[in-house]
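Given next are the chains, with one letter for each unit.
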Amino acid sequence: VIRGYGMKDPEILRVIEKVPRHRFVPEENRKYSYHDTPLGIGYGQTISQPFIVAEMTRQLQLTPTSKVLEIGTGSGYQAAVLAEITPHVYSIEIIEPLHERAKQILAESGYQRINLRHGDGYHGWPETAPFDGIIVTCAAGHIPPPLIDQLAIGGRMIIPVGKRFGTQFLILVTKNHDQTITSRNLMAVRFVPLVRK
Ligand code: SAH
């Protein structure tokens, strides 16, 4: 499916092929696990379509020593994809039952090294910052300033920004050596909203 979108990055193709997406999808949607579609994971939340997961991961340009933070653990699928590239993965989920379910599935699938937290990801994970990569998998009205603070020099953040049910854009934010920020609009997207506690 992601090759059909022109994805050629061998490392991204390797990790997407490796992670069993069906394990993260609830029973009733499991038959669609390898289709070109986002999938419901309960509580009104979704895993993005495969190409979006692949492209957001690619844009982070991670290496095996990168420290990466995800906001919106959801099913745990994206976290597993990240963990195939680096052992230093941190992920925060605001809906407690999703956090618990992801913890269980990730442990059962061999991803017990991922650091998971239940809470509001708007504030990031300050004790562990800075992060070389930050991936936000829910759409924010603005880029949370704590996440900008927690981005390392040379780090990359990928975040959907826009209206709750309106137009949203995937934004790539990079932190330059002089602490300034560069942001680039990559494409129009549709994500579930980032909610606040
Ligand atoms: N990355 C997930 C998909 C997540 S859908 C996966 O691979 O399955 C977006 C997730 O963001 C939802 O689970 C939602 O509950 C969560 N979310 C929304 N607002 C949040 C916040 N402020 N902090 C942490 N998680 C949040």
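Per chain, residue numbering runs from 1 following the sequence as it is written. Side-chain atom pairs in this predicted model are given and counted only at pLDDT of 80 or more, local residue features only at pLDDT of at least 70, and totals for whole chains, interfaces and linings cover all residues. For the side-chain quantities, the full set of heavy atoms in the structure was used; hydrogens and water were omitted.

Participant: Would you take a moment to explain unusual backbone geometry for this structure?
Facilitator: Peptide bonds are, in most cases, trans, and in most cases residues other than glycine have a negative phi. A129 connects to P130 through a cis peptide bond whose omega is 5°. A positive phi angle, close to 50°, is found at Q61, a residue other than glycine. Following the sequence through the fold, Q61 ends up in the loop between α2 (50–60) and β3 (67–71). Helix and strand definitions here come from DSSP, where helices need a minimum of 4 consecutive H or I residues and strands a minimum of 2 consecutive E residues; each element is numbered from the N-terminal end.

Participant: Sorry, what's going on with the pattern of salt bridges here?
Facilitator: Think of it this way: side chains of opposite charge can pair up when their charged atoms draw near. Any Lys or Arg side-chain nitrogen found within 4 Å of a carboxyl oxygen on Asp or Glu counts as a salt bridge. Under the definition given, this model contains eight salt bridges. Note that E84 is salt-bridged to K18, the shortest N-O span being 3.1 Å. Within this pair, whereas E84 is found in the loop between α3 (77–83) and β4 (88–93), its partner K18 is found in helix α1 (residues 10–18), the two being separated by 66 residues in sequence.

Participant: Whenever I open this one, the site of the ligand confuses me. Can you help?
Facilitator: Near the ligand there are 26 residues, and of these E70, S75, E93, G121 and V195 occur at the shortest range. At 2.6 Å, a side-chain N or O of S75 approaches an oxygen atom of the ligand. We define a polar contact as two N or O atoms separated by no more than 3.5 Å, with the added condition that, inside protein, one atom must be a possible hydrogen donor and the other a possible acceptor, whereas residues neighbouring each other in sequence contribute only through side-chain atom pairs. T137 places a side-chain nitrogen or oxygen 3.2 Å from a nitrogen atom of the ligand. For the ligand, whose accessible area on its own is 580 Å², the fraction buried by protein is 98%. Elements with a contribution of two residues or more to the shell around the ligand: β2 (45–47), β3, α3 and β4. With three residues, β2 is the single largest residue contributor to the shell around the ligand. Put simply, Ala, Val, Leu, Ile, Met, Phe, Trp, Tyr, Cys and Pro go in the nonpolar bin, Asp, Glu, Lys and Arg in the charged bin, and everything else, Gly too, in the polar bin. Split into classes, the residues belonging to the shell around the ligand amount to 12 nonpolar, 11 polar and three charged. Near is defined per residue: the residue qualifies when any heavy atom it owns lies within 4 Å of the molecule or strand. Only the protein chains shown count as cover for residues, with accessible areas throughout obtained via the Shrake-Rupley method and a probe of 1.4 Å.

Participant: What exactly am I supposed to notice about the nonpolar core here?
Facilitator: As a rule of thumb, soluble globular proteins bury nonpolar side chains together. In this text, buried Ala, Val, Leu, Ile, Met, Phe, Trp, Tyr and Cys residues form a nonpolar core when linked through side-chain atoms within 4.5 Å. A 1.4 Å probe rolled over the protein chains alone gives each residue an accessible area, and that area as a share of the maximum for its type sets the label: buried under 20%, exposed over 50%, partly exposed in between. Judged by nonpolar contacts, the single largest core of 39 residues is most densely connected at I16, F24 and Y77. For this core, the secondary structure elements donating two or more residues are α1, β1 (39–42), α2, α3, α4 (96–108) and β8 (168–175). Residues count as neighbours in contact if any of their non-hydrogen atoms are within 4.5 Å of one another. In contact with Y77, not counting residues within four places along its chain, are I16, V19, R21, F24, I47 and V53. The next biggest cluster of nonpolar side chains, apart from the first, holds 20 residues, and it includes L69, Y90, Y122 and I171.

Participant: Would you explain the environment of Y5 in this entry?
Facilitator: Among the secondary structure elements, Y5 is positioned in the segment before α1. Since its relative accessible area comes to 38%, Y5 is described here as partly exposed. Sequence spacing of Y5 and F51 is 46 residues, and the spatial spacing of their C-alpha atoms is 7.0 Å. Once residues within four sequence positions are removed from consideration, Y5 is found in contact with D36, Q49 and F51.

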